[in-house]
Amino acid sequence: MKATIAFLSVVTALTAYYVYVPLPSTVSEPWKLMLLDAALRIAQDVSNIAHWMGLGHYQTFLNLAANFLEELGPESTETVKVEDTAFDGVQVRVFEAGKNTNDAELKRGVIYIHGGGWALGSARIRSYDYICKKIADVLNAVVVSVEYRLVPEVYFPEQIHDVLQVAKHFLLLEVLAKYSVDPHRVAISGDSAGGNLAAAVSQQLAQDRSVTTRLKLQALIYPALQALDFNTPSYQQNMDIPILYRSVMARFWLEYLKGDTSFVKPLLVNNHTSFDLHEAAAVRAILNWTSLLPPSFKKGYKPVIQTLGDPRVIQEVPALLDVRAAPLIANKEVLQLLPKTYILTCEHDVLRDDGIMYAKRLEEAGIEVTHDHYEDGFHGCMIFGTWPTYFSVGIRTMNNYINWLYQNL
């Protein structure tokens, strides 16, 4: 009897530890989010144990867990042909709408980059396969979903190079002609880390005079755009909100930039952008959220700027200041070259303010921006719009995003 009570007590404690997370009442379907978060945290803990035991890199195990039973083959439908191929040596999954019976009718084109902290996910998993099929079907488009290489196989800037190679290949007039794509109706898009890569590649393409086909649009879904201020109001407000905790985001950044993960703590208190570090002076001015955020998003939070910091962080991870990693800090002259932009943000997301600040900087540079904000949204919600991880906000964000593409591309 005592053993049974002890066992039940342990099970109850573990269940409470993994499942229950205090959540704002305004977040979409909180108990469902708690269960989703519990599954993700269990996978993270198991992956960390495997890493500690020397069985391999924790992100490799985490990716295997995240993709378990989710990876799909290239399954075509009645309206969308799906094919796995390679563009300039980089693996892609191409979704080709087959609606047009008129050979003279050209299709739209979308380059899509999946999220996952530059280390997780795949163009071939169920959620991204579904989103890209839907985009292709609704828009009568060709969608190129990029299977870029992940951490720990490669690190920054190789993920950008993979996406840039795919984009340049697809934008070749002969390739667009092969897929019957209108060269004046091509967009680039991505979510989370994929939004980061989409923004970075959009900036690269805009400055590359060898690229003659220009993007018409960029669409960024809760993008990660900087790793220099982990104390914006959204980082402070949502530091413990699933599914992307502030400490987890800091670790994703360090892994991507091949930095020592012991720097997580200095990052979280902004020790890498303190007043005494002259290298960070310029970016502090650009990332002044007190001037970039509307009052409704400041919510009474105060900037966190240390007087004395840790110079080792920038010295050992200089990519933190690289505009390719942090598209938000690009010069105005670069931003002025960018196409019409859609940015989706969620209230309960540490990355909310990255997207809002980028929208503001783009508008100041003269770019037309649509900012689509969801008060009940959480990070990653758009990929949770299908069974078995169905969230109402997932369906709404997905449909509104695709509708914007339909109306503007």
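Being a predicted model, the structure only gives us computed values, none of them experimental. (Residues numbered from 1 in each chain as written. Predicted model: local features only at pLDDT ≥ 70, side-chain atom pairs only at ≥ 80, totals over all residues. Heavy atoms only, no water.)

Thoughts on the side chain of Thr213
Checked against the element boundaries, Thr213 lands in the loop between α7 (193-207) and β6 (217-221). Among the polar contacts made by the side chain of Thr213, one reaches the main-chain carbonyl oxygen of Leu171 at a distance of 2.9 Å. The residues touching Thr213, leaving out its near neighbours within four places in the chain, are Leu171, Leu173, Leu176 and Pro183. (Helix = DSSP H or I, 4+ residues; strand = E, 2+ residues; numbered from the N terminus. Polar contact = N/O pair within 3.5 Å; in protein donor to acceptor, adjacent residues only side chain to side chain. Contact = heavy atoms within 4.5 Å.)

Here's the deal with the sheet that holds strand β3 (residues 107-113)
Pairing in this open sheet of eight strands is mixed, and the strands run β1-β2-β4-β3-β5-β6-β7-β8 from one edge to the other. Two strands in the sheet have a free side with no partner beyond their single neighbour: β1 (80-87) and β8 (369-378). When strand polarity is set aside, the average angle formed by the axes of neighbouring strands in this sheet is 20°. Sheet contacts for helix α17 (residues 392-408): β3, β5 (181-191), β6, β7 (340-348) and β8; angle to β8, the most-contacted strand, approximately 170°. (Pairing = 2+ DSSP bridges. Axes fitted to C-alpha atoms, helices over the stretch in contact; angles between N-to-C directions.)

Here's the deal with the nonpolar core
Core analysis: the largest hydrophobic core is formed by 138 residues, its most contacted members being Ile135, Phe170, Trp253, Tyr358 and Tyr401. When residues in this core are grouped by element, the largest group, eight residues, is from α7. Setting aside its immediate chain neighbours within four residues, Ile135 contacts Val110, Tyr112, Asn140, Ala141, Val143, Tyr401, Ile402 and Leu405. (Core = buried A, V, L, I, M, F, W, Y, C linked by side-chain atoms within 4.5 Å. Buried < 20%, exposed > 50% of the residue type's maximum accessible area, 1.4 Å probe, protein only.)

Observations concerning the packing of aromatic side chains
The geometry of an aromatic ring pair comes down to the distance between the two centres and the angle between the two planes. What the rule picks out here adds up to 14 aromatic pairs. Between Trp118 and Trp253 the ring centres are 4.6 Å apart and the planes differ by 50°, which places this aromatic pair in the tilted class. Here the residue Trp118 occupies a position in the loop between β3 and α4 (126-139), and Trp253 occupies one in helix α9 (residues 246-256), the gap between them amounting to 135 residues. With relative accessibility at 0%, the residue Trp118 sits in the buried group. (Phe/Tyr/Trp six-rings, centres within 6.5 Å; stacked < 30°, edge-to-face > 60°.)

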